[in-house]
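Fold and contact review
Residue strings, one per chain:
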Amino acid sequence: MEKPICFVGLALVLLMLQACELVNARDEDICRLFSNNTVIRDPDSCSRSITCIDFVSHYSSCSGNTPFFDKDQGKCVKTLSSTSSCSISCEGVANHFLADPKSCYGYYYCSENEIAMYGKCPDSTHFNATTETCTHQYESACTTSTFEYCNIVPDNVNFDNLQGCDKYHVCTKGKLSDKTCTNQYYQASSGTCVAKALVNCDAHPNANLCGKASKPTVDKFVPDGATCRGYFYCAKQADGSPDQNPIWNQCPQDKFFDESSQMCISPTLVKCTNDRCDGRTLDFVLSTTLGCRNYYHCSGGVASAEKSCGNYFFDEELGGCVPNIKSYTACTK
Ligand SMILES: *[C@@H]1O[C@H](CO)[C@@H](O)[C@H](O)[C@H]1NC(C)=O
Ligand SMILES: *[C@@H]1O[C@H](CO)[C@@H](O)[C@H](O)[C@H]1NC(C)=O
């Protein structure tokens, strides 16, 4: 990703630096975590919602008589429940300006009849609750708020955890929990667990892949444990400990990683039991079931249920069942 280009004028260097930081923050769009058309509250404002479309944030603002966004109802409302992280009240402060607890530039004006109206300070200014004015950003002590996911994400919506291909989060009654897909990977675009081969993820769970402290794997390639093509490189560590962040890579199409030879070779020579259709151009591929009579039908890089040639043998070159004996390393003892 390209770095934002920052023009630095003669004056206002600090302002410019801040402008650049805002651009950087946007590179990390929060919507990369959410499935298509999920609606969350903007972590930076109690009055804005974000609709995630193809992993990109689309903002909407609440205004008028319904200045707040309620993430559970998914709409603009007049007041938020006191349990929300946005509790703000105009009671007793008619004709005053209050800060938006979630943003440096947002404010509320409490009208005569104690109704909050949302407003935003102009660019490069922050709202100051003491003076009730918008002041230069460089004079402001306000910093971007930290937030808790469950204050902005509705209950029971899965979202990516980014800590591993099989991991995701969900909020239940406002509490965050960590979930792990069973034998599958989490797909952020659909918000569900799916076959590993369907997820483009290189954060394969790599705990202890490079051995234990007593016997580290050094300067070697190891299988990624999730795919037949993928492998990690365990580098030598200065302190002699196992590599905790091995680099992932994968073999070209129609090759599987073979640990003993440390090479990418023909899949028929590799006993790997992960999805054997991943990264293949063939429609039918050999299974590792002993006897070499079984195969999979591949569709979109994913294997269907295992099928058998019955009394015949599976010939991977021909992609079919043949009467003469076939024997491949992948399906023999
Ligand atoms: C995501 O949703 C938008 C709007 O509903 C739609 O136009 C787009 O095609 C969707 N993307 C995918 C990958 O389904
Ligand atoms: C608001 O302005 C006052 C007076 O100028 C200043 O002391 C205070 O630090 C400002 N507050 C913030 C959050 O910037």
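In this text the structure is predicted, and so the values were computed from the model without any measurement.

Sheets are built from strands that pair by backbone hydrogen bonding, the pairs being arranged parallel or antiparallel. The strand order across the open sheet formed by three strands is E1-E2-E3, and the pairing between neighbours is antiparallel. The sheet terminates laterally at strand E1 (38-41) and strand E3 (56-61), the two strands that pair on one side only. The sheet shows a mean angle of 30° between the axes of neighbouring strands, taken without regard to direction. Bridge count for E1 against strand E2 (residues 48-53) is four bridges, and the pairing is antiparallel. Bridging across to E2, Thr38 finds its partner in Cys52.

Following the criterion strictly, the structure yields 13 aromatic pairs and no others. For the ring pair Tyr168 and Tyr186, a centre distance of 4.7 Å and an interplane angle of 15° mean the geometry is stacked. Of the two residues, Tyr168 sits in strand E12 (residues 167-172) while Tyr186 sits in strand E14 (residues 185-187), which places them 18 residues apart along the sequence. On the basis of relative accessibility, which here comes to 3%, the residue Tyr186 falls in the buried class.

A word on the side chain of Asp278. Structurally, Asp278 can be placed in the loop between strand E22 (263-265) and strand E23 (284-286). Among buried charged residues, Asp278 stands out as having no salt bridge; its nearest opposite-charge side chain is Arg229, 4.2 Å away. Setting aside its immediate chain neighbours within four residues, Asp278 contacts Ala197, Thr227, Arg229, Phe256 and Gly301.

Pairing analysis gives three bridges linking E23 to strand E24 (residues 294-299), with the strands arranged antiparallel. Residue pairing in the sheet places Val285 in a bridge with Tyr296 of E24. With two bridges joining them, E24 and strand E26 (residues 307-308) adopt antiparallel strand pairing. The residue of E26 that forms the bridge with Tyr295 is Lys307.

About the cut-offs
Residues numbered from 1 in each chain as written. Chains lettered and ligands numbered in written order. Predicted model: local features only at pLDDT ≥ 70, side-chain atom pairs only at ≥ 80, totals over all residues. Heavy atoms only, no water. Pairing = 2+ DSSP bridges. Helix = DSSP H or I, 4+ residues; strand = E, 2+ residues; numbered from the N terminus. Axes fitted to C-alpha atoms, helices over the stretch in contact; angles between N-to-C directions. Phe/Tyr/Trp six-rings, centres within 6.5 Å; stacked < 30°, edge-to-face > 60°. Buried < 20%, exposed > 50% of the residue type's maximum accessible area, 1.4 Å probe, protein only. Lys, Arg positive; Asp, Glu negative; His and termini not counted. Salt bridge = Lys/Arg side-chain N within 4 Å of Asp/Glu carboxyl O. Contact = heavy atoms within 4.5 Å.

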